[in-house]
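A structural walkthrough
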Amino acid sequence: MTMSAVYNGSNLDSIVGADPGIPFALLDEESKREIRRALLHAVCVPGYQVPFGSREMPVARGWGSGGLQITLAIVGKTDIVKVIDQGDDEGVNAVNLRRLVVTSTGIEESSEVVESTIIQSRHRIPEDEMINSHTLVLQVPVPEPLRGVERDMRELARMHAEADYSRMWVSLYEDKVRNGVITQTTGYPCLVNGRYVVATTPIPRWDIPRLHDSQFLTLFGAGREKRVYAIPPYTLVEPLTFEDVPFEVEQANGAQCRLCNSSESFLVESPGTNGDAGTWTCSDTAWCRARRTK
Amino acid sequence: MGYAAARGGLTAIRNAEDLVRTLRDMDESEQIELDQFIGRLRLLVDRIMGEAGMWEPRLTALAIRQAEGDHIESVHLLRAYKSTLPRIASTEPIHVDEMRLLRRVVPAFREPGGPQILGRSTDYSARMLDPRSGSGATASLEPEVATQIADNSSTVQTNTPRLMNVLRDMDLLTDRRRTDDPEPFDITRTPARPPAPRSARLSSMARAETGALLNQWYRNILGPDGYLHEVTLGEVRHGELPIRIKHPYTNGSVSIGSLRVTEVEAIEDLNGVDEDRDRFDIGYGLCLGHNERKAIAMANLDIACHRDGSKSSLEQSILLTTDGLDSAGFLEHLKLPHYVTFRSMMERKIAVRNARPTVQKGDKS
Amino acid sequence: MSNTFQLSSIDPVRLSNAFLDVHESQHVFTVLLNSLSNPGTIHTIDKTVWERTDGCAVPLLALLGHETPFCVLGEHSEELTAIVQHVTTGRPSTLKDARYVAIPHSVTSEEFVEISTGSDLRPDSAAQISVYCSGRFSTSSSSSIEGTSVRLSGPGVNGESELTFEHIDSVVLASLLNRKFAFPRGHDIWFCNSEGQVVAIPRSTTVTLISSSTEKVS
């Protein structure tokens, strides 16, 4: 699918096309270089949140401006981009982000992981296998994993600098004691490379094991909080838990996708109406569709 | 079926955009021209320029019109546009004493050195809704005369003595002048975090959302935080400053235009146990355009931060919670689909319930 | 650090060749990112860029922005420094303050010790270094080249891997083998050779010596 066919007549291509001053990938060269320099430090210190001069983007803060800046800073003429939100390529925010990337670069887009080189995602890791030639860009609303136990930024910086995560452990322990289970939902805190605790964005626990020892590079962008961090391939990623409390992904109790029958993908529920039971579908719509057409 | 699950996300977006554009641009009323914003809604334009951190009245007018008057959207349009522009130069440092004064009041003294110019201000106007305002019926001066008075072109006021210097001459001011000359912190290139240099605080506040700064100030007076008390204002100025850059070839100084700012000096009566009780200190505020409440709030919060000395989280609040785009963007992101997170939360609720019988059975482990 | 080169005295061909367009700088960045994310693997900068520009200064030409502090080492580095400065608007600085360092020939241990390793609070204030190596690189365990072989492990490395340098500066090698600073402090190093190949070892990689051209280690 080429850019012009899809985006003809869209608001954006006429703005971008009309102004020859708008650079390749929207950002001016200085901005791109600044983001790139931050990313290069991020991959050398896995899990450390690198501050960067986050620019304002055509999407609002909190809506993926950080992920978008990363994608725009790394993208080249021959890249192919996939953008999903909650696992869905057709979610309106995913569509909006994708068209921003495509109309400002002229590159191709795809809904298939196997065809893509850059995958920008909000809140999910695609079910398909990703290999070393893939780069996963995750949108991060709150990059600070210790936010729940500490508010003061100076103290937070010290805790990461000294790898002093004791308060985090205490809070998980108290959670388990009070509630019988660790009640952390998405964005489960993980220890990366045995050194930094990271916020894994609100990806479900289901996706956490995919970050560990992956073949692909994962870049995390927090535009509003102005930080980037990275998990290189083949890196140790351990969810924080206790020896006798195994890490739990979301249980579905045998539910299956009503479209493709899968019980091995992350499913989301549509509540039933009028007393009917709810139904489940795969969150990863492209994966589900491919399964059905095989 | 939610909008996320519908096919054709692009169609949905396009339809929404078309609707917005058509209803906005094709409204029955007359189209508003850009010079009407600048001429008749100048205070709105000034406020938006200050929050965007960009002096360009015509582009600002365009943004306000495109955003249908939403001030956060207007600021967003301008700042996002700025992200596509290369930075080609920095200005020479400008001393605020070069300000061509359009307005100056000094509450601390009845007769400060230099003039007090009430200028173009509604401070002492009666707040009575006037159905004739906007028509020519209320104009009591000839337009040329009014302009001349407003511009003070007959008596150009620059280098007006500053109350701060008066106090310093009377040895009533703590001396916080630096002997080094550090580069100002650039918040558009590096995120400011506490503990931050003063230039980072001041520039963050200069670009902050006006209401946010106002709220920060007020809650610190009357709210439970109670960091500061009211100051006495030394200078409240609105005027025009020249912009100069270094010529790339001749290296000489070249004037490329001017802009207007509002500047405030706030005098703090030091009364802390470890403070110098026989002296005053000064807080400073400066913002683009004519926006007095913002500059006054800035000056108050500047001195409050300094006196707080990083003991509390005041500096963090100012640096990190007063940007309009950050706060509004994050708030409104709640409208995005969150069904993956929600599914995970529901799962944990069930897990907690399932775990409960074990605890209730008196398991002592 | 004084730079005596005026714009007018820089070789204009060298100067104009040093400008990378937006696609070229993106391409070089991709090589630099991939090499750091996958330490010990060999990546190649496009011939059209590599042959045109000054060896190990290419990462600086691609990455530096306005006022980014950098340093080019070596006795005759003034012209190259001026070129990099003019093309990128980066700021020539002392070794201690530089965020990007290019080592076109060799470096002494006194100099190397000056290069910033960052701090625990700000590991991103460490310098990233581009080192020119004469000779080839090889990653196969049955490598056909003779030289210094190291074993690598850590983030980005699948298990363990081997890397052989036909030639590697002894001071740089020593710094990799005997890290004097605890992670997250350290240097991230790109090694470039005359064929435009780049292989990187970030501070997160554990490096042990297998054999060197001067001595064998069992």
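Overview of the structure.

Conventions used here
Residues numbered from 1 in each chain as written. Chains lettered and ligands numbered in written order. Predicted model: local features only at pLDDT ≥ 70, side-chain atom pairs only at ≥ 80, totals over all residues. Heavy atoms only, no water. Helix = DSSP H or I, 4+ residues; strand = E, 2+ residues; numbered from the N terminus. Expected span 1.5 Å × (residues − 1). Buried < 20%, exposed > 50% of the residue type's maximum accessible area, 1.4 Å probe, protein only. Polar contact = N/O pair within 3.5 Å; in protein donor to acceptor, adjacent residues only side chain to side chain. Contact = heavy atoms within 4.5 Å. Buried area = accessible area lost by both parts, 1.4 Å probe. Salt bridge = Lys/Arg side-chain N within 4 Å of Asp/Glu carboxyl O. Nonpolar A, V, L, I, M, F, W, Y, C, P; charged D, E, K, R; others polar. Pairing = 2+ DSSP bridges. Phe/Tyr/Trp six-rings, centres within 6.5 Å; stacked < 30°, edge-to-face > 60°. Lys NZ or Arg CZ within 6 Å of the ring centre and 35° of its normal. Axes fitted to C-alpha atoms, helices over the stretch in contact; angles between N-to-C directions. Parallel < 35°, antiparallel > 145°, perpendicular 65-115°, else oblique. Left-handed = near helix turned anticlockwise from the far one by under 90°.

All names here are of chain B. Compared with the 16 Å implied by 1.5 Å per residue over 12 residues, the 17 Å span of helix H5 (residues 71–82) between its first and last C-alpha is a close match. All of the buried residues along H5 are Ile 72, Ser 74, Val 75, His 76, Leu 78, Arg 79 and Ala 80. The residue sitting at the N-terminus of H5 and contributing the capping side-chain oxygen is Asp 70; that oxygen lies 3.0 Å from the backbone nitrogen of Ile 72.

A word on the interface of chain C and chain A. Opposite the 41 residues of chain C that make contact, chain A presents 34 residues. Where chain C abuts chain A, roughly 3000 Å² becomes buried across the two surfaces, and 61% of that area is made up of carbon and sulfur atoms. Per-residue buried area on chain C facing chain A is highest for His 23, Gln 26 and Phe 29 of chain C; these three make up 18% of the total on that side. Taken together, chain C and chain A are joined by zero salt bridges. Where chain C touches chain A, the interface holds 15 residue pairs in polar contact (both at pLDDT 80 or more). Within the residue set of the side of chain C that touches chain A, elements represented by two or more residues are helix H2 (22–37), helix H4 (58–63) and strand S9 (188–192) of chain C. The greatest single-element share of the side of chain C that touches chain A, amounting to 10 residues, is contributed by H2 of chain C. Along the lines of polarity and charge, the residues of the side of chain C that touches chain A split into 20 nonpolar, 16 polar and five charged.

Residue and element names in this part refer to chain B. In this structure, strand S2 (residues 232–246) lies alongside strand S3 (residues 253–269), joined through 14 bridges in antiparallel fashion. Residue pairing for S3: Leu 233 is matched across the bridge by Ala 266. Counting the residues that bridge the hairpin from S2 to S3 gives six residues, and of these Asn 251 lies at a positive phi of roughly 65°. In the sheet, S3 pairs with strand S4 (residues 280–288) via nine bridges, with the strands oriented antiparallel. From the neighbouring strand, Val 261 faces S4, where its bridge partner is Leu 288.

Now for unusual backbone geometry. What you tend to see is this: most non-glycine residues have negative phi, and most peptide bonds are trans. Omega for the peptide link from Pro 194 of chain B to Pro 195 of chain B comes to -10°, which places this bond in the cis form. Summarising the element assignment, Pro 195 of chain B is placed in the loop between helix H7 (163–169) and helix H8 (198–206). Phe 183 of chain C connects to Pro 184 of chain C through a cis peptide bond whose omega is 15°. Tracing the backbone shows Pro 184 of chain C in the loop between helix H7 (170–177) and S9. With phi around 60°, Ala 25 of chain A is a residue other than glycine that occupies positive phi space. Of note, Ala 25 of chain A is situated in the loop between helix H2 (11–18) and helix H3 (29–44). One non-glycine residue with positive phi stands out, namely Thr 201 of chain A, at about 55°. Checked against the element boundaries, Thr 201 of chain A lands in the loop between strand S7 (196–198) and helix H8 (208–211).

In this section: the packing of aromatic side chains. What characterises a pair of aromatic rings is the spacing of the ring centres plus the angle enclosed by the ring planes. All chains considered together, the criterion is met by nine aromatic pairs over all chains. Seen from their ring centres, Trp 206 of chain A and Phe 266 of chain A are 6.3 Å apart, and the 55° between their planes marks the pair as tilted. In this pair, Trp 206 of chain A is assigned in the loop between S7 and H8 and Phe 266 of chain A in the loop between strand S10 (237–239) and strand S11 (267–270), connecting sequence segments 60 residues apart. Through a chain of ring-to-ring contacts, the aromatic side chains of Trp 169, Tyr 173 and Phe 242 of chain A assemble into a single cluster. Over the aromatic face of Phe 330 of chain B sits the side chain of Arg 224 of chain A, whose NZ or CZ is 3.7 Å from the ring centroid.

Turning our attention to the sheet that holds S10 of chain A. All names here are of chain A. The strand order across the open sheet formed by three strands is S7-S6-S10, and the pairing between neighbours is antiparallel. Strands with a single pairing partner mark the edges of an open sheet, and in this sheet they are S7 and S10. Sheet twist, expressed as the average angle between the axes of neighbouring strands with direction ignored, equals 30°. Bridge count for strand S6 (residues 190–192) against S10 is three bridges, and the pairing is antiparallel. Bridge pairing links Cys 190 to Pro 239 in S10.

Let us look at the packing of helix H9 (residues 210–222) of chain B against helix H10 (residues 292–308) of chain B. Residue and element names in this part refer to chain B. Relative orientation of the contacting elements H9 and H10 amounts to 45°, with a least axis distance of 9 Å. It follows that H9 is oblique to H10 by the angle criterion. With respect to the hand of their crossing, H9 and H10 are arranged in left-handed fashion. Only Arg 293, Lys 294, Ala 297, Met 298, Asn 300 and Leu 301 of H10 make contact with H9, whose side of the interface consists of Thr 210, Leu 213, Leu 214, Gln 216, Trp 217 and Asn 220. A class-by-class count of the residues in the contact of H9 with H10 yields six nonpolar, four polar and two charged.

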